[in-house]
Amino acid sequence: MNEVMLAVVIILGTFLIYHLALKIHERWNHPFTAPVLIATAIIIIILVIFHIPYKTYMLGGKWIDELLGPAVVALAYPLYQHRDTLRTLTGPILVGTSFGAILGISTGLLLAKWAGFNSSIIYSLTPKSVTTPVAMAVTETLGGVMSLSAVFVMIAGIGGVLMHTYVLRLFRIDHYLGRGVGMGSASHAIGTATSMESSKLEGAISTIAMVVSAIVVSVITPGLVLILM
Amino acid sequence: MVKLGKIAVHICLLYLIFLLGNWIEHTLGLFIPGSVIGMLILFLLLITNIIQVSWIAEGANFIVKNLAFFFIPVTVGVLNYYQLFSGKGFLLIIIVLISTIFVMAGSGIVSQWLVRRKEYKHE
């Protein structure tokens, strides 16, 4: 089989597995059935069973990667859709997300540094609170490992959703704005999906927080890393 | 079919904005990823009505709805690092979880405090 055919098979296969993962998530709605987690697990199992190297998989995978850039650009659209909410609540959303971003970057970096991990792992962990394509771009700029950053993002997303009831209750965050900003800032799209379930308004705030924190984190991370490393 | 064509054209436009963002990143030597610069540019062009929302809506919606699909190949790459999460690497999971609590609590408390103060003033 030549490389073009192989690439097409890999792209179609990945798409089919992604759809299967969506169906599984629809059927059993739980943070642990997040489509990216299920799809990644299925593909890894297939690669391991059939002894297919990651390099071979990436013959097709690199074409999907190609759309990560435009995918980040596309996040302007949900932000635009919620522009009126953003306008009326600019202060609380902006200050809250920025505060969370600074906390997330510095606690992640300092804890990992303190535990003695090397810099490429620390750089992969630092942007974990933001949506995967942005976290990967930030990691790339810093010189970390993109695949690792994707995993840390997944842990922040799934972990955040599993812990959110306790965290929000413990810190008495019961206003829809505080909840939405907290979920979107800490757990990106997975957190936003959970916010959507509690109310449309909280979901909108969470969407805004997710996109705004992606911007804030990518702007302040290089500087903060320089200070803290 | 028409819808599929629309999505393809919209994604091409998004791709052009991404390239513009990349160009700005490299020309100005910025540390902000080109894709994020592209996102800011698109947002500004949308609110100033220079780009009509109908020029990108279907494509952007398709991508945002299926965002996870686009980073699956990179995520699969973790199979080259499986040994990291055994032993000491387990600590990394704990670190991410602790840091996530900080972000959720910190951003939530601050934004809630600010909005309650704002609501109080209005009453």
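Everything numeric in this text was worked out from a predicted model, so none of it was measured.

Re the overall build of chain A
For step 1, the next point in the chain: Tallying secondary structure elements over chain A gives twelve helices and zero strands in all.
For step 2, the next point in the chain: When the elements of chain A are put in sequence order from the N terminus, they spell out α-α-α-α-α-α-α-α-α-α-α-α.
For step 3, the next point in the chain: Its C-alpha atoms give chain A a radius of gyration of 18 Å, within 12% of the compact-globule value 17 Å for 229 residues.
For step 4, the next point in the chain: Once the C-alpha set of chain A is aligned to its principal axes, its extents read approximately 55 × 40 × 30 Å.
For step 5, the next point in the chain: Looking at chain A as a whole, 59% of its 229 residues are labelled buried.
For step 6, the next point in the chain: Across chain A, the 12 positively charged side chains and the 9 negatively charged ones have centroids separated by 7 Å.

Some remarks on the nonpolar core
One broad rule of soluble globular proteins: the nonpolar side chains tend to lie buried together.
For step 1, the next point in the chain: Within the largest apolar cluster, 111 residues are counted, with the highest numbers of intra-cluster contacts made by Y57(A), L42(B) and V76(B).
For step 2, the next point in the chain: Here this core gets 13 residues from one element, more than from any other, and that element is helix 10 (residues 146-170) of chain A.
For step 3, the next point in the chain: Apart from residues no more than four positions distant in its own chain, Y57(A) is found in contact with I10(A), T14(A), I43(A), L47(A), I52(A), I72(B), P73(B) and V76(B).

What to know about the UniProt feature "transmembrane region" (unreviewed entry) in chain B
All names here are of chain B.
For step 1, the next point in the chain: UniProt's feature table lists "transmembrane region" (unreviewed entry) at residues 7-24, 30-51, 63-84 and 90-115, given in the numbering used throughout.
For step 2, the next point in the chain: When the span residues 30-51 is considered, its composition is 64% helix and 0% strand, and the gap between its end C-alpha atoms is 25 Å.
For step 3, the next point in the chain: Helix makes up 59% of residues 63-84 and strand 0%, whereas the separation of the span's terminal C-alpha atoms amounts to 32 Å.

Some words on the confidence of the model for chain B
One rule of thumb: low pLDDT means the predicted coordinates there are not for detailed reading.
For step 1, the next point in the chain: Within chain B, residue pLDDT values average 91, and 99% of them lie at 70 or more.
For step 2, the next point in the chain: Across chain B, the element-wise mean pLDDT spans from 89 in helix 4 (residues 67-76) of chain B up to 95 in helix 2 (residues 34-47) of chain B.

Remarks on the domain arrangement of chain B
Interface size, as often reported, equals the accessible area lost upon joining of the parts.
For step 1, the next point in the chain: What the domain assignment reports for chain B is domain 1 (1-65) and domain 2 (74-123).
For step 2, the next point in the chain: Taking the mean C-alpha position of each, domain 1 of chain B and domain 2 of chain B sit 28 Å from one another.

Some thoughts on the domain arrangement of chain A
All names here are of chain A.
For step 1, the next point in the chain: Domain boundaries assigned for chain A yield domain 1 (3-66) and domain 2 (76-228).
For step 2, the next point in the chain: In this structure, domain 1 and domain 2 have C-alpha centres spaced 25 Å apart.
For step 3, the next point in the chain: In this complex, domain 1 contributes eight residues to the contact, which on the side of domain 2 involves seven residues.
For step 4, the next point in the chain: Together, the buried faces of domain 1 and domain 2 total about 560 Å²; carbon and sulfur atoms form 81% of this surface.
For step 5, the next point in the chain: In terms of surface lost to domain 2, no three residues of domain 1 exceed P31, F32 and L37, which account for 58% of the buried area on that side.

With respect to the packing of aromatic side chains
For step 1, the next point in the chain: Using the criterion set out here, one finds six aromatic pairs over all chains in the structure.
For step 2, the next point in the chain: Taking the centre distance of 5.3 Å and the plane angle of 75 degrees together, the rings of F69(B) and F70(B) count as edge-to-face.
For step 3, the next point in the chain: Since its relative accessible area comes to 7%, F69(B) is described here as buried.
For step 4, the next point in the chain: Note on F70(B): relative accessible area 3%, which makes it buried.
For step 5, the next point in the chain: Connected via pairs of aromatic rings, a cluster forms that spans F15(A), Y18(A), F69(B) and F70(B).
For step 6, the next point in the chain: Lying over the aromatic face of W28(A), R27(A) brings its terminal NZ or CZ to 4.8 Å of the ring centre.
For step 7, the next point in the chain: The ring of W113(B) carries the charged tip of R117(B) above its face, separated from the ring centre by 5.1 Å.

Re helix 1 (residues 3-27) of chain A
For step 1, the next point in the chain: Taking 1.5 Å per residue, 25 residues should reach 36 Å; helix 1 of chain A reaches 36 Å between its end C-alpha atoms and fits that length.
For step 2, the next point in the chain: If you check which residues of helix 1 of chain A are buried, you get L6(A), A7(A), I10(A), T14(A), I17(A), Y18(A) and A21(A).
For step 3, the next point in the chain: Looking at the packing, one finds that the buried side of helix 1 of chain A touches helix 2 (35-49) and helix 3 (54-65) of chain A together with helix 3 (57-65) and helix 4 of chain B.
For step 4, the next point in the chain: The distance from a side-chain oxygen at the start of helix 1 of chain A to the backbone nitrogen of V4(A) is 3.2 Å, and the residue carrying that oxygen is N2(A).

Some thoughts on the side chain of T139(A)
For step 1, the next point in the chain: Relative to the elements of secondary structure, T139(A) occurs in helix 9 (residues 132-142).
For step 2, the next point in the chain: T139(A) has contacts with Y123(A), S124(A), P127(A), G144(A), V145(A), M146(A) and S149(A), leaving out every residue within four places of it along the chain.

A word on the pattern of salt bridges
For step 1, the next point in the chain: Counted under the stated rule, the structure contains four salt bridges over all chains.
For step 2, the next point in the chain: As a salt-bridge pair, D174(A) and R116(B) come within 3.0 Å of each other at their nearest N and O atoms. Taken together, the positions of D174(A) in the loop between helix 10 and helix 11 (176-198) and R116(B) in helix 5 (residues 90-122) put the pair across two chains.

Rules of the game
Residues numbered from 1 in each chain as written. Chains lettered and ligands numbered in written order. Predicted model: local features only at pLDDT ≥ 70, side-chain atom pairs only at ≥ 80, totals over all residues. Heavy atoms only, no water. Helix = DSSP H or I, 4+ residues; strand = E, 2+ residues; numbered from the N terminus. Rg over C-alpha atoms; globule rule 2.2 N^0.38 Å. Buried < 20%, exposed > 50% of the residue type's maximum accessible area, 1.4 Å probe, protein only. Lys, Arg positive; Asp, Glu negative; His and termini not counted. Charge placed at Lys NZ, Arg CZ, Asp CG, Glu CD. Core = buried A, V, L, I, M, F, W, Y, C linked by side-chain atoms within 4.5 Å. Contact = heavy atoms within 4.5 Å. UniProt positions renumbered as here; feature names shortened; annotations may be inferred. pLDDT = per-residue confidence, 0-100. Domains from an automatic or database assignment. Buried area = accessible area lost by both parts, 1.4 Å probe. Phe/Tyr/Trp six-rings, centres within 6.5 Å; stacked < 30°, edge-to-face > 60°. Lys NZ or Arg CZ within 6 Å of the ring centre and 35° of its normal. Expected span 1.5 Å × (residues − 1). Polar contact = N/O pair within 3.5 Å; in protein donor to acceptor, adjacent residues only side chain to side chain. Salt bridge = Lys/Arg side-chain N within 4 Å of Asp/Glu carboxyl O.

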